[in-house]
Amino acid sequence: MKERGERFTMVTAYDATFAQLLDEAGVDMLLVGDSLGMVVQGRDSTLPVTVDEVIYHCRAVARGTRCAHIVGDMPFMSYQVSPVDALRNAGRFLAEGAAHSVKLEGGADMAPTIRRIVAAGIPVVGHVGLTPQSVHAMGGFRVQGRTAADAERVLADARAVEDAGAFAIVLEGIPLDLAQRITESLSIPTIGIGAGPHCDAQVLVCYDLLGLTPNLRPKFVKRYAEFYRDGVDAVRRYCDEVRGGEFPTKEYSFGGARKRRRKSPDGEQKPPLKVAGYGPVG
Ligand code: KIV
């Protein structure tokens, strides 16, 4: 796609229902991000997220996905200790989580690890610039590569990740002209988040994109819906209707006498149209 000049999309997903929605909308890649620690678990960083937790969410996402490529995000300390340890954990994302590739943060320092994982047949997405797992080393969630020297460091990191065999790279929280420079100098696609319009692809956290994070509004997030506001409104109406005795009406209730089962023309019994439990209707 990069060679053809076609942009593509990545969005985070953490469960089967959202995966189905995003997949149906045509998202190319679903990232089961360690951001789940913040948006699903309510933590204030991604650091406590474990391999088991991300794999659990990967499996759920895989069940809801028909077409998209699924990337499992390797959490803090699942790949930093040694390349062998990283390889063992990366394998679990494919074998247990049904992911198609893994993502890990870091530049030149992580090159031997990326090389090792790729050599075992596991596709890797890199991630440089603002790397949330290094939040304390960076002194907070700060834009990276703002000085000339720091921009050179981020560019060198991106090159090292490509040389190590990654098939794509996330550029997070860097100035747009630096992202353009990196995009033009790499042959693998760049996937931007807070990195401006010149990347080959873009990624957003699905909760941000859909307006599910009322207390968080980073500059780089465009909300395409207001799910939180609409959700509060819908649930308020439900509460009002239950309290006012308007829900459930007969339409949403079961009668006492069982209806006879419908018969097909050849006399064979057909199943009822609706099911009583939590399942498909129709
Ligand atoms: O965990 C995540 O959601 C990410 C994206 C922000 C790129 O790493």
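Located above this text is the structure these notes cover.
Please read these numbers as outputs of a predicted model, since none were measured by experiment. (Residues numbered from 1 in each chain as written. Predicted model: local features only at pLDDT ≥ 70, side-chain atom pairs only at ≥ 80, totals over all residues. Heavy atoms only, no water.)

1. A few points about the pattern of salt bridges
Scanning the model with the defined rule gives twelve salt bridges in all. Note that R92 is salt-bridged to D52, the shortest N-O span being 2.7 Å. One end of the pair, R92, is in helix α4 (residues 83-95); the other, D52, is in helix α3 (residues 51-64), and 40 residues separate them in sequence. Owing to a relative accessible area of 24%, R92 belongs among the partly exposed residues under this scheme. Between E226 and R223 there is a salt bridge whose closest N-O contact spans 3.4 Å. Accessibility expressed as a relative area gives 24% for E226, which makes it partly exposed. Given a relative accessible area of 18%, R223 falls into the buried group. Here the salt bridges do not stand alone but share partners, grouping D52, R92 and E96 into one network. (Salt bridge = Lys/Arg side-chain N within 4 Å of Asp/Glu carboxyl O. Helix = DSSP H or I, 4+ residues; strand = E, 2+ residues; numbered from the N terminus. Buried < 20%, exposed > 50% of the residue type's maximum accessible area, 1.4 Å probe, protein only.)

2. Section: the site of the ligand
Lining the immediate environment of the ligand, one finds T12, L31, G33, D34, S35, D73, K103, H127, I193 and V205. Residue S35 places a side-chain N or O atom 2.5 Å away from an oxygen atom belonging to the ligand. Here an oxygen atom of the ligand and a side-chain polar atom of D73 are 3.1 Å apart. Burial of the ligand by the protein amounts to 95% of the accessible area it has alone, namely 260 Å². (Near = heavy atom within 4 Å. Polar contact = N/O pair within 3.5 Å; in protein donor to acceptor, adjacent residues only side chain to side chain. Areas by Shrake-Rupley, 256 points an atom, 1.4 Å probe, with all protein chains shown as cover.)

Shape descriptors only; they carry no functional weight alone.
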